[in-house]
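Below, each chain spelled out in residue letters.
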Amino acid sequence: MIVTLIVFLGWIVSVCLHEFGHAIVAYWGGDKTVKDKGYLTLNPLKYTDVSLSLVLPIVFLLIGGIALPGGAVYINHSLIRNRWWESAMSAAGPAATLLVALLISVPFRLMNPPDSLENSFNIEALDQQTLSFQTHLTTQDQLWLALAFLGLLEVAGAVLNLLPIPSLDGFGIIEPWLPPSLQQQAKKFGRYGFLVLFALLWFVPTANAAFWGFVFGLSHQLGIPALLSGQGALVFRQGSWLPLVVLVATIAIGQRLNPQTRVQTDQTKDLQRAIAHSEQAVQAHPDQPRFWYQRGQLLLDDHQYEAAEAAFHKAIQLQPDADTWHLRGIALLFMGQYEHAIAAFDETLHLQSDQALAWVHRGRAQRGLQRFEDEIADYDQALALDPENANIWCDRGLAHYHLSQYEAAIDNFDRAAFLEPSAWQAWYLKGLALVPQEEYARAMRCYDHALDLRADATQTWIAKGSVLLQLQDFESAIASYNQALSLEPENATAVYNKACTYSLQGQNAIALETLDQALQLDSQASRLAASDVDLDPLRSLPEFQQLLARYTAQDSEAPPPANGVK
């Protein structure tokens, strides 16, 4: 039983390291979401996959094989920066497994297992001798057998994963370099790759002999005795069912206690339940301002801004205070009632003049009214109270940007990045400010740095695509817009910009089709399309004129779309 437990626990640790290898390289390569998913924690439950962790081990055990669990991490490949990182991410898992195998081989190189282990077995009758042999094993003997078999499994796992078969890491290493058509075919049949491999190893003796012959040979090169590995495998099989049962129970309980897929739904239900309770509270105690205040907070969290503003208004009527006025101003700000929001923030500051955040929100209301000079003045008041706040410096820089004061804007964004090096918005906004000055190379560096900090920022991918479009690097621009659309499939700006890129490439048919998709998402873009020079190659086409006329008629009174980043 000692051999079985050591191999099981060792294998689980190695699976965690394997999946951690994938996750950490994916994190470095641009997919920051792996951190939120818990993949950087080395927690086995985070890597649990029903098929790999439960179903396949049970199947292997029932057919007389070795029942060991697997794991899985789910990477957002659209966030990975380039093909090199894709390949490195796939290679990182087997590399971690090989590293574990190397570490396990160290004791065999530095110390010699007892000779009694190898001499106690008749190689011709291993299966018959295993049970009686176990009764004579010391704890030290079982440790050696466990290490030998675990080392063999690590080598087998690494070799298996490096095979260039769809769904395995070996194919993941080469997949980014294959033609797109071949990649699509591989994805179509990828789900069957593991089953085909299993069938080959189980039902084709030559394939099985070749695979295990290579694995035993590589293990021997590492210093792990083949005979001890075989002995360890036989001892392990005798008791592998019990740890598997424990493992299945643990995973099932862990998933019940850690239901990741239901967290967001549960939070939404909790919020709705709290809102319902708050309604009962204000009905039971209509003269208590704290119940109205709490109800307003919940409605604000649920984006019910008009109802939240009404609740805060009622609380103010009963007992005005700075916090309630502030939250009422925020609700009005979201409602687009900027003058009323400014009035609410004025009341806040009259009651509590040192609220830096109230000055910030007042400035944002000024932005809504396009009073950019007044906006800067409000941020100056906020910075007098909180001079080290990077977000305020970003807001101040954005006001300068709207005034076309690009150097001043860049200075503010630099200040924000200095105060908070992880503030991706500062680098993104600095890139925006560099574009009007035609400093495209610097802008690209800013966008790349912003994406290093947060790879799932859709607007950064769009802005980067726009610079690539200016540089006439059309293929890279399309790739950047596709990254944005993988994050937000219905982002009208990204679709519109793709249409412009296809237009400049002379691909009229796909440009018209893509432009139609963009106008379906946002008919106001027809105003921009009417004068956009990037669409000039399409302008003489009857299809373009009909398309534009159709959507212009649908939205003839709508204001033109913002043209900050096209």
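## Some thoughts on the overall build of the protein
Across its full length, the protein holds 31 helices and 0 strands. Put simply, the protein has 566 residues, and 47% of those count as buried. Partitioning the intrachain contacts of the protein with sequence separation of at least 6 by distance along the chain shows that 63% fall at a separation of at least 24. With an accessible surface of roughly 28,300 Å², the protein has 57% of that area assigned to carbon and sulfur atoms.

## What about the confidence of the model for the protein?
Looking at the protein, pLDDT values average 83 and 81% of them are 70 or higher. Residue range residues 61-65 is modelled with pLDDT below 50. Its contacts to residues more than four positions away, or to other chains, number 9 contacts. When the criterion is pLDDT under 50, residues 122-133 qualifies, and its contacts beyond four places in sequence or with other chains add up to 15 contacts.

## Thoughts on the nonpolar core
Among the nonpolar cores identified, the biggest contains 68 residues, and Tyr-428, Tyr-496, Leu-515 and Leu-535 are the most heavily contacted of them. Setting aside residues up to four positions removed in sequence, Leu-515 forms contacts with Tyr-496, Ala-499, Leu-535, Phe-544 and Leu-547.

## Thoughts on the packing of aromatic side chains
Overall, the coordinates contain 9 aromatic pairs when judged by the stated rule. Relative to Trp-177, the ring of Trp-84 lies with its centre 4.7 Å away and its plane at 70°, an arrangement referred to as edge-to-face. Taken together, the positions of Trp-84 in helix 4 (residues 83-110) and Trp-177 in the loop between helix 8 (169-174) and helix 9 (180-189) put the pair 93 residues apart, joining distant regions of the chain. For Trp-84, a relative accessible area of 62% puts it in the exposed group. On the basis of relative accessible area, Trp-177 is assigned to the partly exposed category, the value being 36%. Cluster of aromatic residues (ring-pair linked, three or more members): Phe-211, Trp-212 and Phe-216.

## Looking at the pattern of salt bridges
Side-chain pairs of opposite charge can arise where the charged atoms are in close proximity. Per the stated rule, a full pass over the model turns up 15 salt bridges. A salt bridge links Glu-388 to Arg-415, with the nearest nitrogen and oxygen atoms 3.7 Å apart. With Glu-388 in the loop between helix 20 (372-385) and helix 21 (390-402) and Arg-415 in helix 22 (residues 406-419), the pair connects residues that are 27 residues apart, well separated along the chain. With a shortest N-O distance of 2.8 Å, Asp-456 and Arg-454 are connected by a salt bridge. Looking at Asp-456, the relative accessible area reads 28%, which means it is partly exposed. Taking the relative accessible area as the measure of exposure, Arg-454 reaches 35% and is therefore partly exposed. Linked through salt bridges whose partners overlap, the residues forming this network are Arg-364, Arg-367, Glu-375 and Asp-395.

What counts, and where the lines are drawn
- Residues numbered from 1 in each chain as written.
- Predicted model: local features only at pLDDT ≥ 70, side-chain atom pairs only at ≥ 80, totals over all residues.
- Heavy atoms only, no water.
- Helix = DSSP H or I, 4+ residues; strand = E, 2+ residues; numbered from the N terminus.
- Buried < 20%, exposed > 50% of the residue type's maximum accessible area, 1.4 Å probe, protein only.
- Contact = heavy atoms within 4.5 Å.
- Areas by Shrake-Rupley, 256 points an atom, 1.4 Å probe, with all protein chains shown as cover.
- pLDDT = per-residue confidence, 0-100.
- Core = buried A, V, L, I, M, F, W, Y, C linked by side-chain atoms within 4.5 Å.
- Phe/Tyr/Trp six-rings, centres within 6.5 Å; stacked < 30°, edge-to-face > 60°.
- Salt bridge = Lys/Arg side-chain N within 4 Å of Asp/Glu carboxyl O.

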